[in-house]
Amino acid sequence: MVNPTYFEAIKWASSFLTKNKKEDASSFLMQERFNLDQTHLLLNYRHAMAAADWHQFQADIRQFAADIPAQYIVGHTHFYGHRFRVTDATLIPRPETEELVEWALELGERPLNVLDLGTGSGAIGISLKLARPNWQVTASDISAAALTVAKQNAQELGATVTFQQSDMFKSLTQQTFDLIVSNPPYIANSETVVMDASVLKFEPKTALFSGTDGLNFYRRLLSQLPLHLNTSGYFFGEFGFKQKTALSQLVQQLALVARFKKDITGHDRMVRIQYKEV
């Protein structure tokens, strides 16, 4: 049997995914699996695929139809201009978290001692280090498997980052930081009914859920923050778009001040916390 051209393969995949009521990820999977940008994919449209590549592509499409996230299938994703390995031990970094990184980078060029709390794939901490080489970055996570992935990413991207396995601040007891950044778990347990099946089935639950209202992580964090944030330091974090009021109330209970920022869609999704306005 003659192998299909790249165009025919994508046409087959699009039809297959449509029949299975899935979004059309055929071009993404084709490009990421075979390291093709849009231009080179178009140039190859009329060329026949190699047999091994055609079999691999079919397998990828069938996995995606079974709700496995495309990023896990190809083993990587793109974040802040860099390619990061991801596995089912790590949350898939989202584009909105790039906005959190961008906001933190507005602190400027001065040297800072930084903690990426709950680093997962290392996307936040590594991206900060690559953008600010004079920042000293520590990345922590409760998951040893996630840290293994993050270390690989740091090595492949040439980022000198210190990694520490820790449940919140438990293994960082004597350390303080000028900047703490986190994309913590903030999804309420009740929100499972509106979540994508691929997220629920395959992404790590500890990186997603945080109690009945999604703020258990923040309660723990804010109670311990004064012990680990320098008096002139900042915490930058991501939260759910319905949580601003509740999070504001938590911050007001402590000697802290919060400034909120909307994401590109106009939702309040980021917070900057400090001891006092600078």
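Conventions adopted
- Residues numbered from 1 in each chain as written.
- Predicted model: local features only at pLDDT ≥ 70, side-chain atom pairs only at ≥ 80, totals over all residues.
- Heavy atoms only, no water.
- Pairing = 2+ DSSP bridges.
- Helix = DSSP H or I, 4+ residues; strand = E, 2+ residues; numbered from the N terminus.
- Phe/Tyr/Trp six-rings, centres within 6.5 Å; stacked < 30°, edge-to-face > 60°.
- Buried < 20%, exposed > 50% of the residue type's maximum accessible area, 1.4 Å probe, protein only.
- Axes fitted to C-alpha atoms, helices over the stretch in contact; angles between N-to-C directions.
- Contact = heavy atoms within 4.5 Å.
- Polar contact = N/O pair within 3.5 Å; in protein donor to acceptor, adjacent residues only side chain to side chain.

## So, the pairing of strand E2 (residues 82-85)
- Note: strand E1 (residues 76-79) against E2, 4 bridges, orientation antiparallel. Following the sheet pairing, His78 is matched in E2 by Arg83.

## Considerations on the packing of aromatic side chains
- All told, the structure shown has 8 aromatic pairs when counted by the stated rule.
- A ring pair is formed by Trp12 and Phe16, whose centres lie 5.4 Å apart and whose planes are at 25 degrees; its orientation type is stacked. Note that Trp12 and Phe16 are positioned in helix H1 (residues 6-19) at a spacing of 4 residues, about one turn of the helix.
- With relative accessibility at 25%, the residue Trp12 sits in the partly exposed group.
- A centroid spacing of 5.6 Å and a plane angle of 90 degrees characterise the contact between Phe239 and Phe260, whose relative ring orientation is edge-to-face.

## Points about the sheet that holds strand E4 (residues 136-141)
- Read across the open sheet, the 7 strands follow the order E5-E4-E3-E6-E7-E9-E8; overall the sheet is mixed. Strands at the two margins of the open sheet, each flanked by one partner only, are strand E5 (162-165) and strand E8 (257-262). Going from strand to strand, the sheet's axes swing by 20 degrees on average, the running direction of each strand aside.
- Inspection of the sheet shows strand E3 (residues 113-117) paired to E4 by 5 bridges, in the parallel sense. The residue of E4 that forms the bridge with Asn113 is Gln136.
- Each of strand E6 (177-182), strand E7 (229-238), E8 and strand E9 (268-274) is contacted by helix H6 (residues 95-105), which is oriented at about 160 degrees to E7, the strand it contacts most.
- Contacting E4 and E5, helix H8 (residues 144-157) runs over the sheet at an angle of about 175 degrees to E5.

## Points about the pairing of E8
- Bridging between E8 and E9 involves 6 bridges; their strand directions are antiparallel. Counterpart to Lys261 in the pairing with E9 is Met270.
- The hairpin formed by E8 and E9 contains 5 residues between the paired strands, and Gly266 there has a positive phi angle of roughly 90 degrees.

## Description of the environment of Asn153
- Within the element layout of this structure, Asn153 appears in helix H8.
- Put simply, Asn153 and Ile126 are 27 residues apart on the chain and 8.0 Å apart in space, counted from C-alpha to C-alpha.
- The contacts of Asn153, once residues within four sequence positions are left out, are Arg83, Phe84, Arg85, Ser121 and Ile126.
- Within polar-contact distance, the side chain of Asn153 engages the backbone oxygen of Ser121 at 2.9 Å.

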